[in-house]
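In case you want the letters, here they are:
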Amino acid sequence: MKAALTSRRREVRARLRAARRARKGPPSKWRRRLLMAAIILLLLLLHLCQEEPPPTVGRPVTPTPPPPAKIEEPPPPKAPPIRRRIAKRERPEYESTAPTKKPWLDAFRLQVAGRSLKLATCFEGVERPGAVRWVASLDAKSGEVGEHSLEPVANGVVLTRAQKKCLIAALSEPPYRLEGAEPSPTPERVAMVLEF
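Everything numeric here is computed off the predicted structure, so don't read it as measured data. (Residues numbered from 1 in each chain as written. Predicted model: local features only at pLDDT ≥ 70, side-chain atom pairs only at ≥ 80, totals over all residues. Heavy atoms only, no water.)

S.K.: Please clarify how the overall build of the protein should be interpreted in this entry.
M.R.: Of the regular secondary structure elements, the protein holds 5 helices and 3 strands. Counting from the amino terminus, the protein carries its helices and strands in the arrangement α-α-α-α-β-β-α-β. Expressed as a percentage of the 196 residues in the protein, the buried residues total 17%. Looking at the protein alone, contacts between residues at least 24 apart form 74% of all its contacts between residues at least 6 apart. Accessible area of the protein: about 18,500 Å², with a carbon and sulfur share of 59%. (Helix = DSSP H or I, 4+ residues; strand = E, 2+ residues; numbered from the N terminus. Buried < 20%, exposed > 50% of the residue type's maximum accessible area, 1.4 Å probe, protein only. Contact = heavy atoms within 4.5 Å. Areas by Shrake-Rupley, 256 points an atom, 1.4 Å probe, with all protein chains shown as cover.)

S.K.: How should I be thinking about the pairing of strand β2 (residues 144–152) in this particular structure?
M.R.: Consecutive side chains of a regular strand alternate in pointing toward one face of the sheet and then the other. The sheet contact formed by strand β1 (residues 131–139) and β2 spans 7 bridges and is antiparallel. From the neighbouring strand, Val-132 faces β2, where its bridge partner is Pro-152. Counting the residues that bridge the hairpin from β1 to β2 gives 4 residues, and of these Gly-143 lies at a positive phi of roughly 80 degrees. (Pairing = 2+ DSSP bridges.)

S.K.: Would you mind showing me how to read the layout of surface pockets here?
M.R.: To find the voids left in a structure, one rolls a probe of water-molecule size over its atoms. Within this model, the largest pocket holds a volume of roughly 170 Å³. Val-112, Ser-116, Leu-119, Leu-194 and Glu-195 are the residues nearest the centre of the largest pocket, which is lined by 13 residues in total. Breaking the lining of the largest pocket down by element, the ones donating at least two residues are α3 (105–113), α4 (116–122) and β3 (188–195). (1 Å grid on protein atoms, 1.4 Å probe; cavity = no way out; pocket = protein on both sides within 12 Å on 5 of 7 lines; lining within 4 Å. Points joined across faces, edges and corners; volume = space filled by probe spheres on them.)

S.K.: What's the story with helix α2 (residues 29–48) in this structure? I'm lost.
M.R.: Counted at 1.5 Å a residue, the expected span for α2 with its 20 residues is 28 Å, and the 29 Å between its end C-alpha atoms agrees. Taking burial as the measure, the 20 residues of α2 include 0 buried ones, a minor fraction of the element. (Expected span 1.5 Å × (residues − 1).)

S.K.: For this particular structure, what's the right way to read a nonpolar patch on the surface?
M.R.: A surface patch of nonpolar side chains, about 640 Å² in accessible area, is lined by Leu-35, Met-36, Ile-39, Leu-42, Leu-43 and Leu-46. If you trace the backbone, Leu-35 turns up in helix α2. Leu-35 gets classed as exposed once you look at its relative accessible area, which sits at 55%. (Patch = residues over 30% accessible without salt bridge, like charges linked within 9 Å, V, L, I, M, F, W, Y side chains within 5 Å. Salt bridge = Lys/Arg side-chain N within 4 Å of Asp/Glu carboxyl O.)

S.K.: How do you make sense of the environment of Ala-136 when you look at a structure like this?
M.R.: Within the fold, Ala-136 resides in strand β1. On the basis of relative accessible area, Ala-136 is assigned to the buried category, the value being 0%. Apart from residues lying up to four places away in sequence, Ala-136 is in contact with Gly-146, Glu-147, His-148, Glu-188, Arg-189 and Val-190.

S.K.: Sorry if this is basic, but what is going on with the pattern of salt bridges here?
M.R.: Once their charged atoms are close, side chains differing in charge can pair, the charge on each being opposite to the other. For the structure on display, the rule yields 3 salt bridges. The partner of Glu-11 in a salt bridge is Arg-8, with the nearest N and O atoms 3.7 Å apart. Remark: Arg-8 and Glu-11 occur in helix α1 (residues 2–24); sequence separation between them is 3 residues, near one turn of the helix. The class for Glu-11 is partly exposed, based on a relative accessible area of 40%. For Arg-109, the salt bridge is made with Asp-106, and the minimal N-O distance between the two is 4.0 Å. Of the two residues, Arg-109 and Asp-106 both sit in helix α3, 3 residues apart, roughly one turn of that helix. For Arg-109, a relative accessible area of 43% corresponds to the partly exposed category.

Put into structure tokens, the structure is as follows:
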């Protein structure tokens, strides 16, 4: 059996070799075409890659001399200080008038003080007393306030967002009634310190 198996292997190997040789055969058309295209491409590249032309014979190029070194010039001498006095000019006296007190300011303060019960509810639960500076824009004719700013005075208690909202609501509604207020193109800025 061993001998039969060995002879069978030899036969199969021989057949495989014969099949390979038959398959190789003469080179196919596409191989020939590919080879020809590669040769043509090589010839074109050689034709395009010409050697650089030799340098033209002419006047010898003279090297440019280096730029001359800069000579540092000493700084110009300082101008002597001017010691002349300016002549005194006569100017008119500055006349300033004291700002006139707004006629409605006292009424405004009284109305803010009248809201103290509403304002006190905003500070419920605060552990220690303090003060808050309130700055706002007031339209004296309509009595409406806006652009509120609430800041603790000195080392006062820092207000929470809910407390600020409560204070602004209490200070804004209802509008103030200010008699004798004249219409103004811009709102007046008012400031007060509220203690609690």
